[in-house]
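Next come the chains, spelled out residue by residue.
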Amino acid sequence: MTDKPKEAAESKAGNSAPPTAEQSAVSSTGRGVTSPYDSPTEQFARVDPAQRPQLSKDVPRTEDELGLDPEVPSTADRKAGGEAPTYEYASIPPAPAPPNDTGRLRRRAGETRRGTLDLGLLLLRLVVGGTFLYHGLQKLTGWFHGPGLDGTRDMMQRGGWDHPTVSAMLLTAGEVGGGALLILGLATPLAAGAFLAVILDAWAWKQGMAPGFQYKAGPGAVELESILAGVAAVIILTGPGRLSFDRNRGWAVRPAAGSFVVLLLAVAAAVGAYWYLHGGNPLTGIGPFD
């Protein structure tokens, strides 16, 4: 009974001083504070307010402090006002829109449109190739009241050819083979080249039969041979067109330097064959070569 008043007196005397943080921590947790992280609130509470970092002073809050241009409308404002977005403030211009595939195909079709060109080339090949095939079959088989191979060899011999058999064979092969390939539009540069070489030799042979150059009249008239030679050169330079077996070849629709080379080779072959097989100048009877 005498201990209770003493305890009450001690408790009243203890109320005069507030408990410290360590005493509060001990009373609440039952153990002493061993680290600042055990009671972070108390540790931060004891930091002097003057020593706390003043973070709010350097944080920008206005548009001027953030460096924004207040006059630049936002995307939402443009959409609300019905304006199309512009790129006045962009450092890189937008990429152009890709071309429409339909428009590209339409332009490509317009560039390669040839109209009636292929039909005209087909008609030209049929006429010229058919003419050559006709004369070649006369010499090869004797059809169409032709002389046949023997008659052709005799004709070449009477015409002054040194090798009449070889000459007759080359002439017949050039007319039959060149004419058939020209009609089909197959290996057209070679067919037209052979056609041109044969007709140039025929031109030189006919105009050398009589003195003086005769184009339209006389025994040495070469009007038909000149026209056929010109047409053969045209076919070499233009190609057979798309209505041919060479339609997938470059020389069919877009002849280039190779066609001009074939033309020169055909002329050289004609001159060499005439010089070797006939033994003379192919220009005999023309102007200064008279």
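Before reading on, note that the structure itself is shown above.
As a starting point, this report considers the structure included with it.

Analysis parameters
- Residues numbered from 1 in each chain as written.
- Predicted model: local features only at pLDDT ≥ 70, side-chain atom pairs only at ≥ 80, totals over all residues.
- Heavy atoms only, no water.
- 1 Å grid on protein atoms, 1.4 Å probe; cavity = no way out; pocket = protein on both sides within 12 Å on 5 of 7 lines; lining within 4 Å.
- Points joined across faces, edges and corners; volume = space filled by probe spheres on them.
- Helix = DSSP H or I, 4+ residues; strand = E, 2+ residues; numbered from the N terminus.
- Core = buried A, V, L, I, M, F, W, Y, C linked by side-chain atoms within 4.5 Å.
- Buried < 20%, exposed > 50% of the residue type's maximum accessible area, 1.4 Å probe, protein only.
- Contact = heavy atoms within 4.5 Å.
- Lys, Arg positive; Asp, Glu negative; His and termini not counted.
- Salt bridge = Lys/Arg side-chain N within 4 Å of Asp/Glu carboxyl O.
- Expected span 1.5 Å × (residues − 1).
- Arc of directions from axis to C-beta.
- Axes fitted to C-alpha atoms, helices over the stretch in contact; angles between N-to-C directions.
- Parallel < 35°, antiparallel > 145°, perpendicular 65-115°, else oblique.
- Left-handed = near helix turned anticlockwise from the far one by under 90°.
- Nonpolar A, V, L, I, M, F, W, Y, C, P; charged D, E, K, R; others polar.
- Phe/Tyr/Trp six-rings, centres within 6.5 Å; stacked < 30°, edge-to-face > 60°.
- Polar contact = N/O pair within 3.5 Å; in protein donor to acceptor, adjacent residues only side chain to side chain.

With that settled, the discussion passes to the layout of surface pockets. As a volume, the largest pocket reaches approximately 700 Å³. K139, L171, E175, V198 and A202 are, among the 30 residues lining the largest pocket, the residues nearest its centre. For the lining of the largest pocket, the element with the highest residue contribution is helix 10 (residues 188-207), accounting for 9 residues.

This brings us to the nonpolar core. Judged by nonpolar contacts, the single largest core of 28 residues is most densely connected at F132, M156, W161, F195, L196, I199 and I236. Looking at this core, the elements that each hand over two or more residues are helix 7 (117-141), helix 9 (164-184), helix 10, helix 11 (223-238) and helix 13 (257-277). The biggest single contributor to this core is helix 10, with 8 residues. Discounting chain neighbours no more than four positions away, the residues touching W161 are M156, S167, D201, W205, Y274, L277 and H278.

What follows covers the side chain of D201. Take D201: it is sitting in helix 10. K139 is the oppositely charged side chain nearest to the buried, salt-bridge-free D201, at an N-O distance of 13 Å. Those residues in contact with D201 that sit more than four places away from it in its chain are W161, A270, A273 and Y274.

To continue, consider helix 13. In this model helix 13 runs 30 Å from its N-terminal to its C-terminal C-alpha over 21 residues, within 8% of the 30 Å that 1.5 Å per residue would give. Every buried residue of helix 13 is listed here: S259, V262, L263, A266, A270, Y274 and L277. All buried residues of helix 13 lie within an arc of 105° about the axis, which places them on one face of the element. Of the exposed residues in helix 13, the ones pointing more than 90 degrees away from its buried face are A257, L265, W275 and Y276. The first or second residue beyond helix 13 is G279, which carries a positive phi of 75°.

Let's shift gears to helix 9. With 21 residues, helix 9 ought to run about 30 Å at 1.5 Å a step, and its terminal C-alpha atoms sit 30 Å apart, in line with that. The set of residues buried in helix 9 consists of P164, S167, A168, L171, T172, G174, E175, V176, G178, G179 and L182. Lining the buried residues of helix 9 we find helix 7, helix 8 (148-158), helix 10, helix 11 and helix 13.

Below, the discussion takes up the pattern of salt bridges. All told, the structure shown has 4 salt bridges when counted by the stated rule. R153 serves as the salt-bridge partner of D150, at 3.2 Å between the closest nitrogen and oxygen. Separated by 3 residues within a single helix, D150 and R153 lie in helix 8, roughly one turn from each other. Since its relative accessible area comes to 30%, R153 is described here as partly exposed.

The next subject is the packing of helix 10 against helix 13. It is at 8 Å that the axes of helix 10 and helix 13 come closest, and there the two elements cross at 40°. The orientation of helix 10 with respect to helix 13, classified from their angle, is oblique. The way helix 10 lies across helix 13 gives a crossing that is right-handed. Counting all contacts with helix 10, which are made through P189, G193, L196, A197, L200, D201, A204 and W205, the residues of helix 13 involved are V262, L263, A266, V267, A270, A273 and Y274. Here the contact of helix 10 with helix 13 is built from residues that sort into 13 nonpolar, 1 polar and 1 charged.

The next thing to look at is the environment of P147. Mapped onto the elements, P147 comes out in the loop between helix 7 and helix 8. Aside from chain neighbours lying at most four places away, what touches P147 is Q138 and T152.

The next thing to look at is the packing of aromatic side chains. Per the stated rule, a full pass over the model turns up 5 aromatic pairs. Between Y134 and F144, the ring centres sit 4.9 Å apart and the planes meet at 35°, which makes this aromatic pair tilted. Highlighted residues: Y134 in helix 7 and F144 in the loop between helix 7 and helix 8, separated in sequence by 10 residues. The exposure class of Y134 is partly exposed, given its relative accessible area of 35%.

Here we come to the packing of helix 10 against helix 11. Here helix 10 crosses helix 11 at 160°, and the two axes come no closer than 9 Å. Here helix 10 is positioned roughly antiparallel relative to helix 11, judged by the angle of their axes. The way helix 10 lies across helix 11 gives a crossing that is left-handed. For the pair helix 10 and helix 11, contact is made by T188, P189, A192, G193, F195, L196, I199, L200, A202, W203 and K206 and by E225, S226, L228, A229, A232, I235 and I236, respectively.

Inspection of the secondary structure assignment puts Q138 in helix 7. For Q138, the side chain forms a polar contact with the main-chain oxygen of F144, separated by 2.8 Å. Not counting residues within four places of it along the chain, the set of residues in contact with Q138 comprises W143, F144, H145, G146, P147 and G148.

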